[in-house]
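# Tertiary structure, described
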Amino acid sequence: MSDNNSTPVARRSFLTRLGAGISVAGASLVAGAPEAAAQTTSAGGGRGAFQAARHTQDDWMDQLPGKHRFVFDTTSAAGFGSAVAYANNFLTASESGYGLKDPDGAVIVVARHFATPFAYKDAIWAKYGGMLAGVTSLNDPKTKQAPTINLFNAAGYEDLANMGTTVDTLIKRGVQFAVCQMATKFFAGMLAKSSGGNADAIYNEVVANLIPNSHIVPAGIVAVNRAQERGYTLASAV
């Protein structure tokens, strides 16, 4: 179990590490500009409309069936919970208002930053919940203690941001989850330091216990960008 005094330190460390990763990623994008700025050229030599480069790592986004594409960006416990509720509302209203079925909507929830642990199964929360609560800042409202389950995939928590809609509900409706690898590696290191374990082993353990319909992505912020480049409308869940 982590104590309250370690929480700000862990969060600041995470923000610092993540900021450094973004700076490196930004430098890589600049260096790779010729590939990323794939633009058409008109017969007269002018430059046409911008067309983003495609990468095979993101092809799963195009493999989802759907007439409408929607991506939710989440960075906090409340944001993830809200996205679960909003994604469910989107599919429900598409059916009641337009006569569409769940496969007509391609929906992705990006779990990054402090929302990332909510893409982990109960087994991870049962083992590491005390430490994960230090960065998610969400205790179990029933016990007033650190969660031992994924609260957004449990019944009886209607007062949370998901308002009773569970992750399993979305999975059954075909919603997909993009899970931040950068954050997961950071958390694995944090958990290893706190528990005396091995960071690589814990990372592999966590990845083996992602919720169904999950895709581990290099960074959640990259997935947000790639989804929009592939025609997904963005909503930032707060």
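Higher on the page you've got the structure.
Here is a short report on the structure shown in this document. (Residues numbered from 1 in each chain as written. Predicted model: local features only at pLDDT ≥ 70, side-chain atom pairs only at ≥ 80, totals over all residues. Heavy atoms only, no water.)

### Details of the overall build of the chain
Counting secondary structure elements, the chain contains 8 helices and 7 strands. Burial status across the chain gives 44% buried among its 238 residues. Sequence-distant contacts in the chain: of pairs separated by 6 or more residues, those separated by 24 or more amount to 69%. Entry remark: accessible area of the chain is about 11700 Å², with carbon and sulfur atoms responsible for 54%. (Helix = DSSP H or I, 4+ residues; strand = E, 2+ residues; numbered from the N terminus. Buried < 20%, exposed > 50% of the residue type's maximum accessible area, 1.4 Å probe, protein only. Contact = heavy atoms within 4.5 Å. Areas by Shrake-Rupley, 256 points an atom, 1.4 Å probe, with all protein chains shown as cover.)

### Here we look at the packing of aromatic side chains
Across all of its chains, the model carries 8 aromatic pairs by this definition. Three or more aromatic residues joined by ring pairs form one cluster here, namely Phe80, Phe118, Trp125, Phe152 and Phe177. Seen from the ring of tyrosine 157, lysine 142 lies directly overhead, with NZ or CZ sitting 4.4 Å from the centre. The positively charged end of lysine 185 is found above the aromatic ring belonging to tyrosine 203, 5.7 Å away from the centroid. (Phe/Tyr/Trp six-rings, centres within 6.5 Å; stacked < 30°, edge-to-face > 60°. Lys NZ or Arg CZ within 6 Å of the ring centre and 35° of its normal.)

### Some points on the side chain of asparagine 209
Along the chain, asparagine 209 falls in the loop between helix H7 (199–207) and strand S6 (214–217). When near neighbours in sequence (up to four residues on either side) are disregarded, asparagine 209 contacts Ala119, Tyr120, Lys121, Ala123 and Ile124.

### Considerations on the sheet that holds strand S3 (residues 68–74)
Strand order in the open sheet made by the 5 strands is S6-S5-S4-S3-S7, with parallel pairing throughout. The outermost strands of the open sheet, each flanked by one partner alone, are S6 and strand S7 (233–236). Taking the axes of each pair of neighbouring strands and ignoring which way they run, one obtains an average angle of 25° across the sheet. Two elements, S3 and strand S4 (residues 105–111), share 7 bridges in a ladder whose sense is parallel. Bridged to threonine 74 within S4 is alanine 111. (Pairing = 2+ DSSP bridges. Axes fitted to C-alpha atoms, helices over the stretch in contact; angles between N-to-C directions.)

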